[in-house]
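The residues making up each chain are set out below.
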Amino acid sequence: MFQTTVLASGSKGNAILIRTDQTKLLLDAGLSAKRLFGFIEQLRMTPGNIKGIILSHEHSDHSNGVGVLCRKLKIPLYATRPTFDACSHKVGNIPAGVHFIEPGSSIWIDDLEVHPFSSSHDAVDSCNFTFTNREGRKLAVVTDAGYPTKLMIEKIKNASSLILESNHDVQMLLDGPYPWQLKQRVRSRQGHLSNEQAVGVLNQVLHAELKNLILAHLSETNNTPEIARKTMEDYLNEIRHPVKLFVALQDQPTELIEV
């Protein structure tokens, strides 16, 4: 077994669950324990055997629930030292300990290889991740990525499943209510990937064995699930690739997806 579900995705809170035969991990916990537990229970699972939380960066929509969850579940936190230092005042005490990870260096958690790599985002040490099981199936997670770096493209090649940021529709962003400075930040090389940029990333890494594509971190102000899906579907239909397409939402988990 090697499965994932995006429990919540967007500016109000992010969390991804990854499970194998031997382990169950959370990537980020930017929402309350109550909401997160509710989403897990919707999928007919229990949170009690989660082995740890991996934190991608310190922004509150990824870190808000980390401390409470680690204490409730008595589990460790995995983060880079700069990321932990940037939010330690908010996270508080972690009785099960903090394991410091480094971009570019893999660690094994039970039967899962976790590989962090640097992402272009306006955080102190933002990371994206790949998760690979012993049979070689790979889940790649790319969100909060200002632009598709060469490193990103190289790391996520040959993924079996890909969770990919599709944050905004450029025209909606430009016409929308954000102040100009925030619009510039979203579009910057340290902001977020647009729907069109997501298509560009997929174009560079698509291969015959990619089974699942999950669009994530959609803006509720500058995007819609329908627009994000159509932008990607138009491309997939053009090239006739049978990858299964999902769109992750803020208030509803995806189904459990076989990596």
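Whatever comes next refers back to the structure up there.
First things first, this report covers the structure right here in the doc. Remember, predicted model here, so these are calculated numbers, not experimental data.

A short note on unusual backbone geometry
- A positive phi angle, near 60°, is found at arginine 44, a position not held by glycine.
- Assignment of secondary structure puts arginine 44 in the loop between α1 (33–42) and β4 (52–54).
- A residue is classified by how much of its surface remains accessible, and arginine 44, at 82% relative accessible area, is exposed.
- For histidine 217, which is not glycine, the phi dihedral falls at a positive 55°.

Quick word on the pattern of salt bridges
- Applying the stated criterion across every chain yields a total of 8 salt bridges.
- The salt bridge partner of aspartate 251 is arginine 35, with a shortest N-O separation of 3.1 Å. A residue pair is termed long-range when its members are at least 10 positions apart, and aspartate 251 in the loop between β13 (244–247) and β14 (257–258) and arginine 35 in helix α1 qualify at 216 residues.
- What makes arginine 35 partly exposed here is its relative accessible area of 29%.
- Across the pair aspartate 234 and lysine 230 runs a salt bridge, and its minimum N-O distance is 2.8 Å. With a gap of 4 residues between them, aspartate 234 and lysine 230 both fall in helix α9 (residues 225–239), about one helical turn apart.

Quick notes on α9
- With 15 residues, α9 extends 21 Å from end C-alpha to end C-alpha; this agrees with the ideal 21 Å at 1.5 Å per step.
- Against α8 (195–205), β12 (212–216) and β13 lie the buried residues of α9.
- A positive phi of about 60° marks arginine 240, the residue just after α9.

What counts, and where the lines are drawn
Residues numbered from 1 in each chain as written. Predicted model: local features only at pLDDT ≥ 70, side-chain atom pairs only at ≥ 80, totals over all residues. Heavy atoms only, no water. Helix = DSSP H or I, 4+ residues; strand = E, 2+ residues; numbered from the N terminus. Buried < 20%, exposed > 50% of the residue type's maximum accessible area, 1.4 Å probe, protein only. Salt bridge = Lys/Arg side-chain N within 4 Å of Asp/Glu carboxyl O. Expected span 1.5 Å × (residues − 1). Contact = heavy atoms within 4.5 Å.

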